Every structure is written in structure tokens, then in C-alpha cells.
Amino acid sequence: VYSSSIGLDIPLLTTQYKGKLAAESDIKFHHFDYTIIRPTFMMENFKLPLAESSFSHEYPLEFEFDLVSSQDIGKFVSEIALDPRFYGKILEVASDRLNASTICDILSKQLSQNIGYKQTPPTFPELDLKQLNVKVNGFDGVIEKTSFKDWAFENLVKQ
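All of these numbers come straight from a predicted model, not from anything done at the bench.

Cut-off values and rules
Residues numbered from 1 in each chain as written. Predicted model: local features only at pLDDT ≥ 70, side-chain atom pairs only at ≥ 80, totals over all residues. Heavy atoms only, no water. Helix = DSSP H or I, 4+ residues; strand = E, 2+ residues; numbered from the N terminus. Buried < 20%, exposed > 50% of the residue type's maximum accessible area, 1.4 Å probe, protein only. Contact = heavy atoms within 4.5 Å. Areas by Shrake-Rupley, 256 points an atom, 1.4 Å probe, with all protein chains shown as cover. Arc of directions from axis to C-beta. Polar contact = N/O pair within 3.5 Å; in protein donor to acceptor, adjacent residues only side chain to side chain. Axes fitted to C-alpha atoms, helices over the stretch in contact; angles between N-to-C directions. Parallel < 35°, antiparallel > 145°, perpendicular 65-115°, else oblique. Left-handed = near helix turned anticlockwise from the far one by under 90°. Nonpolar A, V, L, I, M, F, W, Y, C, P; charged D, E, K, R; others polar. Pairing = 2+ DSSP bridges.

Enquirer: Hey, could you run me through the overall build of the chain in this one?
Expert: Per the secondary structure count, the chain includes six helices and eight strands. Along the chain, helices and strands appear, N-terminal first, in the series β-α-α-β-β-β-β-α-β-β-α-β-α-α. Expressed as a percentage of the 159 residues in the chain, the buried residues total 41%. For the chain, restricting intrachain contacts to residue pairs at least 6 apart in sequence, the fraction spanning at least 24 positions comes to 85%. With an accessible surface of roughly 9,200 Å², the chain has 52% of that area assigned to carbon and sulfur atoms.

Enquirer: Sorry if this is basic, but what is going on with helix α3 (residues 70–80) here?
Expert: Residues D72, I73, F76 and I80 constitute the buried set of α3. Looking down the long axis of α3, one finds its buried residues gathered within 100 degrees of arc, a one-sided arrangement. For α3, the elements touching its buried residues are β2 (35–39), β3 (41–42), β5 (64–68) and β6 (89–93). Near the N-terminus of α3, the side chain that reaches the backbone nitrogen of Q71, with its oxygen 3.2 Å away, is that of S69.

Enquirer: Explain the packing of helix α4 (residues 100–111) against helix α6 (residues 148–155) to me, please; I cannot follow it from the model alone.
Expert: Geometrically, a packed helix pair is captured by the angle between its two axes and the distance between the axes. Two elements in contact, α4 and α6, have axes separated by 10 Å at closest approach and are oriented at 25 degrees. Judged on the interaxial angle alone, α6 and α4 are roughly parallel. Considering only the axes of α4 and α6, their crossing is right-handed. Of the residues in α6, those in contact with I103, I106, L107 and Q110 of α4 are F148, K149, A152 and F153. Its residues assigned to classes, the contact of α4 with α6 comprises six nonpolar, one polar and one charged.

Enquirer: Would you mind showing me how to read the sheet that holds β2 here?
Expert: Two orientations exist for strands paired in a sheet by backbone hydrogen bonds: parallel and antiparallel. Reading across the sheet, the three strands line up as β1-β2-β6 and stay open at both edges, with parallel pairing between neighbours. Because the sheet does not close on itself, it has two edges, and the strands there are β1 (2–3) and β6. As paired elements, β2 and β6 share five bridges and run parallel to each other. The partner of P39 across the bridge, within β6, is V93.

Below, the structure written as C-alpha cells:
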């Protein structure tokens with residue numbers, strides 16, 4: 001099992017992840033019994049201090065983020081590692097899907113402070129966000145997924 005990154009099938013983003021794409025190609029070339037997982041936006045990113053009490057990202061407020069818990073990745077890998085049904089597959093994995101407004105509401109409640117959303121200038125202005133806003137289902141039916149609300153309750157300390 002190799003953990004790569006989401007978005008490698010979008011040509012514009014592959015320049016940012018050349019090393020991961022090369023590793024995926026090597027794995028496929030050598031015909032290993034492989035499964036490649038491509039995690040989405042890590043929930044653990046929210047453990048970092050939020051600058052100016054805001055969550056910042058380049059996507060618009062209504063964009064739905066696929067979020068993943070590292071614990072879910074571990075549970076998922078332990079379930080599929082030796083299962084031949086998953087060999088030769090690339091799976092994009094997510095635990096929850098929420099827009100920035102809902103993420104900020106959950107963070108505000110858990111941290112007992114108002115967390116706003118700040119849209120930053122896009123890294124790739126020519127990127128069509130519809131390419132990124134595709135529902136990811138990699139965990140479905142294999143493990144019980146962690147909701148962002150539950151993750152925040154268990155992992156974020158009230159300020």
C-alpha cells in the first residue's frame with residue numbers, strides 16, 4: 001500500500017506532485033501487488049494554530065472539502081493490505097465532505113471562538129474547480145468513517 005496524494009489525475013496539479021506521480025508509476029511498472037491510496041485534505045491540518053481566527057484556503061466558501069482522518073487511513077490500510085480485491089487499484093479516500101462554512105461552524109463551536117473563512121488567491125487560477133469537487137468514496141463499506149464533527153470533539157482543545 002502506497003499513500004500518495006489526491007489530484008494526481010489533474011494535469012495542472014501534477015507538476016506540484018512529480019515525485020508522488022513517479023512513485024506511482026514505478027509501483028505499477030514493477031507489477032507489485034499494490035494498492036495506492038490518495039488521501040484528501042487531512043483533518044489533522046486543523047490542529048495547527050488558525051491564523052487570525054480563520055481557516056484560509058484558495059477555494060470559495062461553498063466548495064465542498066473532502067476531509068480525511070489519519071486514523072481512518074490507518075484503519076483502512078489494515079483492512080485492505082492483504083486483500084487481493086484491492087490489488088492494482090488507486091483509491092481516493094475521504095472520511096467526510098463539508099463546505100468551508102460548516103467547517104468553520106464546527107471549529108467555532110469546538111474552540112469556543114469565532115472562526116471565519118478567508119479565501120486566498122488561487123495557486124492555479126486557470127484550474128476548473130469542478131474537476132476537484134468530485135465526491136470521493138474510497139472508504140465506503142470497508143470501515144466506519146470518522147465525521148469531522150467527532151474528530152474535532154476528540155482532537156481539538158477548547159481555547
